[in-house]
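Fold and geometry: a report
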Amino acid sequence: MPEQTKSSEAREQEVRTGTADQRPPYLGFGLGLRPQHYRDILEGEPKVDWFEILSENYFVRGGQPLAILDQIAERYPVVMHGVSLSIASTAPFNEDYLDALTSLAKRVHPKWISDHLCWTGVHGVNLHDLLPFPYTTDALEHIVSRVHYVQERIGRPLCLENVSTYVQFGQSQMAEWEFISELARRTGCWLLFDVNNVYVSAYNHGYDAYAFLEGIPQDRVIQFHLAGHSDMETYVVDTHDHPVRDEVWDLYAAALRRFGPVSTMIERDDHIPPLAEMMEELDRARAIAQKTLGEAGRARSSMRPTAA
């Protein structure tokens, strides 16, 4: 891996003194940009405040997808979201990937760039999956240094997302939320709080999703993801091919009470319905946010949903 332009100690000092970054703007309510909706977006005026793009889909030099993205980026704020950074890998970074990421950012001027807190490959092989790792002090030191490098490389703070997990490691020395909190403190990275992923992992591993929520620093979360999952009875899978479930909506309301107004979007990666149907879910997110944030007298520390 190439030398960092600044030492970890220098970067962490910038974070502590507040000189490293400035909080990105609140964007409102958005959708993941999918080809199935290109025409409706360009020919209409859907009530979408912003779009999140899958960065790797636009790592091309030309063609229709990039031309359409240019048009959409002229009309809407855009956020870049990647799936192949592999921030937790022990392999050196793919410098061609980072070049492509930086080039795309210069083209679309995203409000922020995000990826997942996981590893996706090693030895030059991309496994195309979001893979977990043990939450140890060694892993923390390793990932802190890699986050510093990427942030220097792309010239801005990175935003990292918690992933769904289906195994736990006996070597872990801390809870996932403790690891994430310390990583954000030491690097100044932003956090993408995936509400569905928290629900999925909590269900699968038998811990309290609301404890996860309470353990994340309030000032680092700049985006929420909402998505559907598949219920396999004894476990659940983050499939992004269903509408958001009621238990995830409840957790979203609790997240709003803790973190306040945070840019929110709906993800759908398979069985993608018409744009009008996606808009119905987005309107539900708006309604929940308006009700939750507008309720006078509710303490922000009141995390759990009330009984029906």
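In what follows, the accompanying structure is described. (Residues numbered from 1 in each chain as written. Predicted model: local features only at pLDDT ≥ 70, side-chain atom pairs only at ≥ 80, totals over all residues. Heavy atoms only, no water.)

1. Thoughts on the sheet that holds strand 12 (residues 263-266)
Taken in spatial order, the eight strands line up as 1-2-3-4-7-8-9-12 and close into a barrel, and their pairing is parallel. Each neighbouring strand pair of the sheet contributes to a mean axis angle of 30°, computed without reference to strand direction. Of the pairings in the sheet, the one linking strand 3 (residues 78-81) to strand 4 (residues 113-116) comprises two bridges and is parallel in character. When the sheet's bridge partners are listed, Met 80 is paired in strand 4 with Ile 113. The strands touched by helix 9 (residues 246-259) are strand 1 (29-32), strand 8 (190-194), strand 9 (221-226) and strand 12; relative to strand 9, the strand with the most contacts, the crossing angle is about 170°. (Pairing = 2+ DSSP bridges. Helix = DSSP H or I, 4+ residues; strand = E, 2+ residues; numbered from the N terminus. Axes fitted to C-alpha atoms, helices over the stretch in contact; angles between N-to-C directions. Contact = heavy atoms within 4.5 Å.)

2. Here we look at the nonpolar core
Of all hydrophobic cores here, the largest spans 81 residues; its most connected members are Ile 87, Phe 193, Phe 224 and Tyr 252. At nine residues, the largest contribution of residues to this core is made by helix 9. With near-sequence residues (within four places) excluded, Phe 224 lies in contact with Leu 192, Phe 193, Val 195, Tyr 252, Ala 255, Leu 256, Phe 259, Gly 260, Val 262, Ser 263, Thr 264 and Met 265. By size, the runner-up hydrophobic cluster in this structure holds nine residues, among which are Leu 27, Cys 159, Trp 190 and Leu 192. (Core = buried A, V, L, I, M, F, W, Y, C linked by side-chain atoms within 4.5 Å. Buried < 20%, exposed > 50% of the residue type's maximum accessible area, 1.4 Å probe, protein only.)

3. Side note on the packing of aromatic side chains
Per the counting criterion, the structure on display carries 17 aromatic pairs. Taking the centre distance of 6.2 Å and the plane angle of 65° together, the rings of Trp 249 and Tyr 252 count as edge-to-face. Remark: Tyr 252 and Trp 249 occur in helix 9; sequence separation between them is three residues, near one turn of the helix. Accessibility expressed as a relative area gives 3% for Trp 249, which makes it buried. Accessibility expressed as a relative area gives 0% for Tyr 252, which makes it buried. Three or more aromatic residues joined by ring pairs make a cluster, and in this case those are Trp 177, Phe 193, Tyr 207, Phe 212, Phe 224, Trp 249, Tyr 252 and Phe 259. (Phe/Tyr/Trp six-rings, centres within 6.5 Å; stacked < 30°, edge-to-face > 60°.)

Function cannot be read off these values alone, since they describe shape.
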